[in-house]
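# Commentary on secondary and tertiary structure
Residue strings, one per chain:
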Amino acid sequence: MEIYNLKYGTQLATLRGKFRLTKGDEKSMITVGDKVNCQLSQGSSEWSIDSIEERKNTIIRKSDYNELQILCSNVDRIGIIASLIDPETKVGFIDRCLAACHHSGIPALIIFTKSDLVLDKTEVLEKVSIYRNLGYDCRIVSALNGEGIDSVRAELDKKVTFFVGNSGSGKSTLLNLLSGSDIQKVSLISKSTRKGKHTTTNSFLYPINEVTSIIDSPGIKEWGLLHLEKADVLESFPELKIEKKDCIHFNCCDASDDCAMMTKLNSPEVSDERRKSMESMLESLQRPYRIRTGNFITGKLKKEKSKYERKEKRKKRQNYE
Ligand SMILES: Nc1nc2c(ncn2[C@@H]2O[C@H](COP(=O)(O)OP(=O)(O)O)[C@@H](O)[C@H]2O)c(=O)[nH]1
Ligand SMILES: [Mg+2]
């Protein structure tokens, strides 16, 4: 495992003892962003990790398969890297990331990339203004002509930022630009699928200077939100959250029909696009073991799949009988 130290730079170190966390179904020995205490073994150039300092925060996702994954720790910002085009990051993807950010309590910065490829600038502003009007900090950048890069650099200064986005959205390219060197490999966009090819395979923390770091991560298809409750998801929409104060259900949310946030969601004040995005998130909470075509099924997942299918069949039979 690679560790970074201001004095010694990047070093290889081995894990000592057991760091496996056993709390709940959390499964992570050590994660990127962790601050560790190390020592040099006597007479050797080999470092060993003795302990992990308490984490200030963690960013997690929970997939369909009931496994909680710690993506990183000790982060000040989550940079959602959303490409305007080639491939276009869907609003559903951005909203899922924002729901996870809201739950983690870590502020999000939405960075719209590849502005140079969009010829109609009003189209860009329309998309960005949806989020700006909701109060999110949004930046528009181009790695090609340098638009917005300085503003992002200034915003991320003296912070640890986690970059998340779909594959090919420009995370590694932006990291390289901000660091001023080609520290991360950049992928080519596939001509047939218009999606990025996976080049970044592991999350890695890159120190930009003594007080600024960026964690680059592999592209994800969607952020699994199964660690969230319905209320968390609803509250992640600022226009719904403000309705909570008038809700008859004090400090509770079962998203029932008379829930103030649900009432607002189903009102014409919320655009169809945002409503659909929220409905899709709520729906995915109800079907945790949903298996989508094309998913990679092996071992444990195979078992989960057949368990889920048996349960679904039983439900169907009961409905018909
Ligand atoms: N035209 C243009 N291409 C970009 C921009 N940012 C990234 N790219 C290209 O998009 C592709 C994917 O970029 P990469 O950084 O590897 O994406 P990642 O998978 O999110 O790390 C590469 O071919 C980059 O050269 C941009 O702002 N403008
Ligand atoms: Mg990458």
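Worth saying up front: this structure is predicted, and the values here are computed from it rather than measured.

## Observations concerning the nonpolar core
Residues I59, F112, Y131, F162, W223, L234 and M278 are the most contacted members of the largest nonpolar core, which totals 49 residues. No other element matches the 8 residues that helix α1 (residues 91-104) contributes to this core. Here this core spans two domains, since at least three of its residues come from each of domain 2 (75-216) and domain 3 (230-286). Once residues within four sequence positions are removed from consideration, M278 is found in contact with V233, L234, S236, F237, L240 and L265. Among the nonpolar cores identified, the runner-up in size contains 13 residues, and V141, F163, L178 and Y206 belong to it.

## Description of the state of the cysteines
According to the stated counting rule, one finds 0 disulfides in the structure shown. Here C101 is not cross-linked by a disulfide; its sulfur's nearest cysteine counterpart is in C97, at 6.6 Å. Judged by relative accessible area, C101 falls into the buried class, the value being 3%.

## As for the confidence of the model for the chain
For the chain, per-residue confidence averages 83 on the pLDDT scale, and residues scoring 70 or more make up 79% of the total. Low pLDDT, under 50, characterises residues 20-27; the stretch is placed with 12 contacts to residues that sit more than four places away or in other chains. This model gives residues 291-298 a pLDDT under 50, and the stretch forms 9 contacts once residues within four places in sequence are excluded.

## Examining the packing of helix α3 (residues 149-156) against helix α4 (residues 171-179)
As a packed pair, α3 and α4 sit with axes 10 Å apart at the nearest point and diverge in direction by 80°. Relative to α4, the element α3 is oriented roughly perpendicular. Between α3, through I149, V152, R153 and L156, and α4, the contact on the second element is made entirely by L174, L177 and L178. Across the contact of α3 with α4, the residue classes break down as 6 nonpolar, no polar and 1 charged.

## What to know about the sheet that holds strand β1 (residues 2-5)
Sheet strands pair via backbone hydrogen bonds, and the direction of the pair is either parallel or antiparallel. Spatial strand order, β1-β2-β4-β3: 4 strands in an open sheet with mixed pairing. Sheet topology places β1 and β3 (36-40) at the edges, where each strand pairs with a single neighbour. The mean inter-strand angle of the sheet, taken between neighbouring strand axes irrespective of direction, is 50°. Across 5 bridges, β3 lies against strand β4 (residues 47-52) in antiparallel orientation. Paired with N37 across the two strands is S51, which belongs to β4.

## Overview of the pattern of salt bridges
Should the charged atoms of two oppositely charged side chains come close, the side chains can pair. Overall, the coordinates contain 17 salt bridges when judged by the stated rule. Its salt-bridge partner being D150, residue R153 comes within 2.9 Å of it at the nearest N-O pair. Linking R153 with D150, this pair stays in helix α3, spanning 3 residues, or about one helical turn. Taking the relative accessible area as the measure of exposure, D150 reaches 57% and is therefore exposed. In this structure, a network of salt bridges that share partners links the residues R77, D137, R139, E155 and K159.

## What about the sheet that holds strand β12 (residues 212-216)?
Reading across from one edge, β9-β8-β7-β10-β12-β11 is the order of the 6 strands in this open sheet, with mixed pairing throughout. The sheet is open, and its two borders are formed by β9 (137-140) and β11 (204-209), each paired with just one other strand. Across the sheet, the mean angle separating the axes of adjacent strands is 25° when strand polarity is ignored. Here strand β8 (residues 108-113) pairs with β9 via 4 bridges, running parallel. By the bridge assignment, I110 is partnered in β9 with C138.

Cut-offs and rules
Residues numbered from 1 in each chain as written. Chains lettered and ligands numbered in written order. Predicted model: local features only at pLDDT ≥ 70, side-chain atom pairs only at ≥ 80, totals over all residues. Heavy atoms only, no water. Core = buried A, V, L, I, M, F, W, Y, C linked by side-chain atoms within 4.5 Å. Buried < 20%, exposed > 50% of the residue type's maximum accessible area, 1.4 Å probe, protein only. Helix = DSSP H or I, 4+ residues; strand = E, 2+ residues; numbered from the N terminus. Domains from an automatic or database assignment. Contact = heavy atoms within 4.5 Å. Disulfide = S-S within 2.5 Å. pLDDT = per-residue confidence, 0-100. Axes fitted to C-alpha atoms, helices over the stretch in contact; angles between N-to-C directions. Parallel < 35°, antiparallel > 145°, perpendicular 65-115°, else oblique. Nonpolar A, V, L, I, M, F, W, Y, C, P; charged D, E, K, R; others polar. Pairing = 2+ DSSP bridges. Salt bridge = Lys/Arg side-chain N within 4 Å of Asp/Glu carboxyl O.

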